[in-house]
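Here are the chains, one letter per residue:
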Amino acid sequence: MKIEVMTGDITTLEVDAIVNAANCGLLGGGGVDGAIHRAAGKELFEECLKLVERLPEHRGYTGQAYLTKAGRLPCKYVIHTPGPVYRDGKHGEPELLAACYENSLRRAEEMRCTSIAFPCISTGVYGYPKEEAARIALKTVQAFSPVSLQRVVFCCFGAGDEAIYRRIINDESIM
Ligand code: APR
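Residues numbered from 1 in each chain as written. Predicted model: local features only at pLDDT ≥ 70, side-chain atom pairs only at ≥ 80, totals over all residues. Heavy atoms only, no water.

(A) Main features of the pairing of strand β2 (residues 17–22). Taken across its six residues, β2 has five buried, putting it largely inside the fold. The pairing of β2 with strand β4 (residues 77–82) spans six bridges and is parallel. Residue pairing in the sheet places Ile-18 in a bridge with Val-78 of β4. With two bridges joining them, β2 and strand β5 (residues 115–118) adopt parallel strand pairing. Bridge pairing in β5 links Ile-18 to Ala-117. (Buried < 20%, exposed > 50% of the residue type's maximum accessible area, 1.4 Å probe, protein only. Helix = DSSP H or I, 4+ residues; strand = E, 2+ residues; numbered from the N terminus. Pairing = 2+ DSSP bridges.)

Here it is in structure tokens:
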């Protein structure tokens, strides 16, 4: 699997699936969640309403990943994954963040996706330290054994984030 790092707006990427750093309500919010819903249009909101209707408690769970169609976005699917809110790293946050990446990869594989793009999950409103989050993201993706996936894009929103990913990749020859 080829791993790419870039700085840009994930809503513009022509990959099979983009991942949304959602909340457990799964009906939109701020940050990248808001950007994805704005760009996708009301069709995505309607998809999310249908998704929430189907879920046992009509809500999502941190670390899980939920796939919908993508409305007006250039990608085929949006995978909504509620990341952990960072407290101190000792309340299961690392495991839950890793689960976001792992379960998103699984959802993409179930649809035979060949490419997927991730934002920096939980590092905005949810306050996850960027470097720790990037290490978890890279480690989880690198440990995954793909069947259909050939390309994983880490779509950072700021150059600072991209530099963090690149430093970890270079330092740890994680590739
Ligand atoms: N493209 C790519 N990345 C983006 C974009 C975009 N258009 N907009 C924001 N980001 C980046 C942020 O800069 C940050 O690095 O996404 C990362 C995740 O930040 P948030 O969107 O704040 O997500 P998170 O920290 O996981 O918090 C989730 O925030 O927006 C609400 O509804 C969301 O309640 C949920 C919570």
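(B) Main features of helix α3 (residues 93–110). Taking 1.5 Å as the rise per residue, α3 with 18 residues should run 26 Å; its terminal C-alpha atoms sit 26 Å apart, in good agreement. Those residues of α3 that sit buried are Glu-93, Leu-97, Cys-100, Tyr-101, Asn-103, Ser-104, Leu-105, Arg-107, Ala-108 and Glu-109. Once α3 finishes, Arg-112 follows within two positions and takes phi at roughly 60 degrees, a positive value. (Expected span 1.5 Å × (residues − 1).)

(C) Layout of the state of the cysteines. Throughout the structure, instances matching the rule amount to zero disulfides. Cys-24 carries a free sulfur, and the closest cysteine sulfur to it, the one in Cys-100, is 9.2 Å from it. Looking at the unpaired Cys-113, the closest cysteine sulfur is the one in Cys-75, lying at 9.4 Å. Note on Cys-113: relative accessible area 1%, which makes it buried. (Disulfide = S-S within 2.5 Å.)

(D) Region of the structure containing the packing of aromatic side chains. One pass over the full model with this rule turns up five aromatic pairs. One aromatic cluster is present, built from ring pairs that chain together Tyr-101, Phe-118, Phe-154 and Tyr-165. Positioned above the aromatic ring of Tyr-61 is the side chain of Arg-59, whose terminal nitrogen or guanidinium carbon lies 4.5 Å from the ring centre. (Phe/Tyr/Trp six-rings, centres within 6.5 Å; stacked < 30°, edge-to-face > 60°. Lys NZ or Arg CZ within 6 Å of the ring centre and 35° of its normal.)

(E) Focus on the packing of helix α4 (residues 130–143) against helix α5 (residues 159–171). The interhelical angle for the contact between α4 and α5, taken along N-to-C directions, is 55 degrees, at an axis separation of 10 Å. With respect to α5, the axis of α4 lies oblique. Seen from above, α4 lies across α5 with right-handed handedness. Counted together, Lys-130, Glu-131, Ala-134, Arg-135, Ala-137 and Leu-138 of α4 and Asp-161, Ile-164, Tyr-165, Arg-167, Ile-168 and Ile-169 of α5 form the full contact between these two elements. Per-class residue counts for the contact of α4 with α5 are seven nonpolar, no polar and five charged. (Axes fitted to C-alpha atoms, helices over the stretch in contact; angles between N-to-C directions. Parallel < 35°, antiparallel > 145°, perpendicular 65-115°, else oblique. Left-handed = near helix turned anticlockwise from the far one by under 90°. Contact = heavy atoms within 4.5 Å. Nonpolar A, V, L, I, M, F, W, Y, C, P; charged D, E, K, R; others polar.)

(F) Representation of the environment of Glu-47 within the structure. With respect to the helices, strands and loops of the structure, Glu-47 is situated in helix α2 (residues 42–54). By relative accessible area, which is 16% here, Glu-47 ends up buried. Residues Glu-47 and Gly-29 lie 18 residues apart in sequence; the distance between their C-alpha atoms is 15 Å. A distance of 3.2 Å separates a polar atom in the side chain of Glu-47 from the backbone nitrogen of Lys-69. (Polar contact = N/O pair within 3.5 Å; in protein donor to acceptor, adjacent residues only side chain to side chain.)

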